[in-house]
Structure formats: C-alpha cells, structure tokens
Amino acid sequence: LGGAQAIVRAHLGEAIRALAPSERDVAARVFNHLVTPSGTKIAHGAADLAQYARVEEEELRPVLASLGSSRILRPADGRFEIFHDVLADAVLTWRTRHEAERALELQRAEAERRHRRLLALLASALVALAAMAAVTIYALAQRSEAREQADVAQAEALSAKGNELAAQAGRLIAAAAVETDHELGLLLAAEAARLSPTDRTADVLRRALLVSQLRAVLPERRVTTATFSPDGTRIVAG
C-alpha cells in the first residue's frame, strides 16, 4: 500500500474530501494551531480554535465532528488534537498544498477581476472615442448651409420614424457630398428622395443633378466602343 505515510496521506485525503470547500478552509486554519511546523501536535479547546481560526464556534463544530468521525482528530479532556503523531507530517503537507492552491485561486480570481475591469474601461474608452468622433464629424458637417439643414433634420428626427430618419440622414450626407463627390452626392440624394419625397430632399436632388456630370451608364460587358459627337450631345456605342 506504499507504506505507513502513504496510507496516512490517503486516509487524510478521504477525510478532507468529505468536507465542503468552505469547511476545508476552516480545517486548514485549525490544523495550523494543532500541529507545529516541526510536527508536534497541540491540543486546544473548541472555543480557542474558533478564535484562532477566526470563525464562529457553530461553524467550527461540524468540521471538528467530521474530522473526529474520520479519526483525524480526537477529543481529549474537552480539547481537540490530531488522532496520532503519525498524522502530523501528512497534515502539514496537506495544509501547505491547500494554502498554495487557495493562494493561486485568489490570484486567478483577482486577475479575472482586473481583466473584467480593464475590458469595462476599454469599452468605456471606445464608446467615449466613438462619441467624440461622431461629435467631431457632426460639427464639421454643419458648416454653412449643412449646419442649418442639420438643425432642421435634428428637430424633425425627434418625431420621425423608420424611413423618415434614414431620409433625413441621407439628405444631410448628400448635401455635404454634393460639393466634394458629385456622383456620391447624386446617389445619396436620390436615395433620400426615394425614402422621403419632400421639398427639402427634392432641392438636394436638384442640386446634385445640376453639378453631376453623369448622363448615362452603358452596360460594361456589351459595349466595345463609344464615340461622342463634336457638340457632346450624342454618343454612338457599338
């Protein structure tokens, strides 16, 4: 069976596994006062052990009873001590390992808490950055006429729903894009007019049509040659 020490360690392990996780922590603190680091056993009363282990006596008694029934501890004149000296080394070894495992668990839990806090801070920072970027873009887009149109769009957006909101946003973007990207402005203005055929979207569409140089889109795969007339009013494609 591996010798006396192996048998004792196995017996102690079975007794400890019978305890709940919280009771194992109590047992480890109790063992710290029942066995000296040199392996000498010491007897203490339940009240003293509860004070040493920093637990309530009612919480300690089930642990003492379980370890007593497993013949790990025994009462002696109202006090408790380990059942036999041969258990001392096994108790010290188990307590050392248990405390190391608990310390590792606490470190992992603390690392997870720090990780969650870091993720929360990162998410908050990203939200704040996105908000700042949105505010900056919004501020730049509100120059001159776009600013006036954005104020109207914001007031109407409070009561608008669905496509009306999309149309207002498309109109603002189209109005800003008309001056810089004619074709993009035309596409956006047409989409805004489709979603909400109002006078404002019609005005934006008219402006986009006036500045757009696009007149027709020929099927790419079917056109091999195309020639404009000298006055630019006609085109011949083959």
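Remember, it's a predicted structure, so these values are computed and weren't measured experimentally. (Residues numbered from 1 in each chain as written. Predicted model: local features only at pLDDT ≥ 70, side-chain atom pairs only at ≥ 80, totals over all residues. Heavy atoms only, no water.)

Draft legend 1. Structural detail: the overall build of the protein. Broken down by element type, the protein carries nine helices and five strands. Going from N to C terminus, the protein has its helices and strands arranged as α-α-β-α-α-β-β-α-α-α-α-α-β-β. Counting every position in the protein, which comprises 238 residues, the buried fraction comes to 29%. Looking at the protein as shown, the accessible area adds up to about 15900 Å², and 59% of this sits on carbon and sulfur atoms. (Helix = DSSP H or I, 4+ residues; strand = E, 2+ residues; numbered from the N terminus. Buried < 20%, exposed > 50% of the residue type's maximum accessible area, 1.4 Å probe, protein only. Areas by Shrake-Rupley, 256 points an atom, 1.4 Å probe, with all protein chains shown as cover.)

Draft legend 2. Region of the structure containing the environment of Leu-187. Its location among the elements puts Leu-187 in helix 8 (residues 182-195). Under the relative-accessibility criterion, Leu-187 is labelled exposed at 61%. Separated by 21 residues in the primary sequence, Leu-187 and Ala-208 have C-alpha atoms spaced 8.6 Å apart.

Draft legend 3. Here's a closer look at the pairing of strand 2 (residues 73-76). In this sheet, strand 3 (residues 79-82) lies alongside strand 2 in antiparallel orientation, the contact comprising four bridges. By the bridge assignment, Pro-75 is partnered in strand 3 with Phe-80. (Pairing = 2+ DSSP bridges.)

Draft legend 4. Looking closely at the pairing of strand 3. Two elements, strand 1 (residues 44-45) and strand 3, share two bridges in a ladder whose sense is antiparallel. Within strand 3, the residue paired with Gly-45 across the bridge is Arg-79. Here strand 2 folds back onto strand 3 in antiparallel fashion, the turn holding two residues, of which Asp-77 has a positive phi close to 55 degrees.

Draft legend 5. Structural context of the packing of helix 1 (residues 4-17) against helix 5 (residues 87-141). Contact pair helix 1 / helix 5: the axes reach a minimum separation of 9 Å and the direction vectors enclose 55 degrees. Overall, the two elements helix 1 and helix 5 adopt an arrangement that is oblique. Here helix 1 runs over helix 5; the crossing is right-handed. Contact residues: helix 1 offers Gln-5, Val-8, Arg-9, Leu-12 and Ile-16, while helix 5 offers Leu-87, Asp-89, Ala-90, Val-91 and Trp-94. Here the contact of helix 1 with helix 5 is composed, by residue class, of seven nonpolar, one polar and two charged. (Axes fitted to C-alpha atoms, helices over the stretch in contact; angles between N-to-C directions. Parallel < 35°, antiparallel > 145°, perpendicular 65-115°, else oblique. Left-handed = near helix turned anticlockwise from the far one by under 90°. Contact = heavy atoms within 4.5 Å. Nonpolar A, V, L, I, M, F, W, Y, C, P; charged D, E, K, R; others polar.)

Take it as geometry only, folks, not as evidence of what the structure does.
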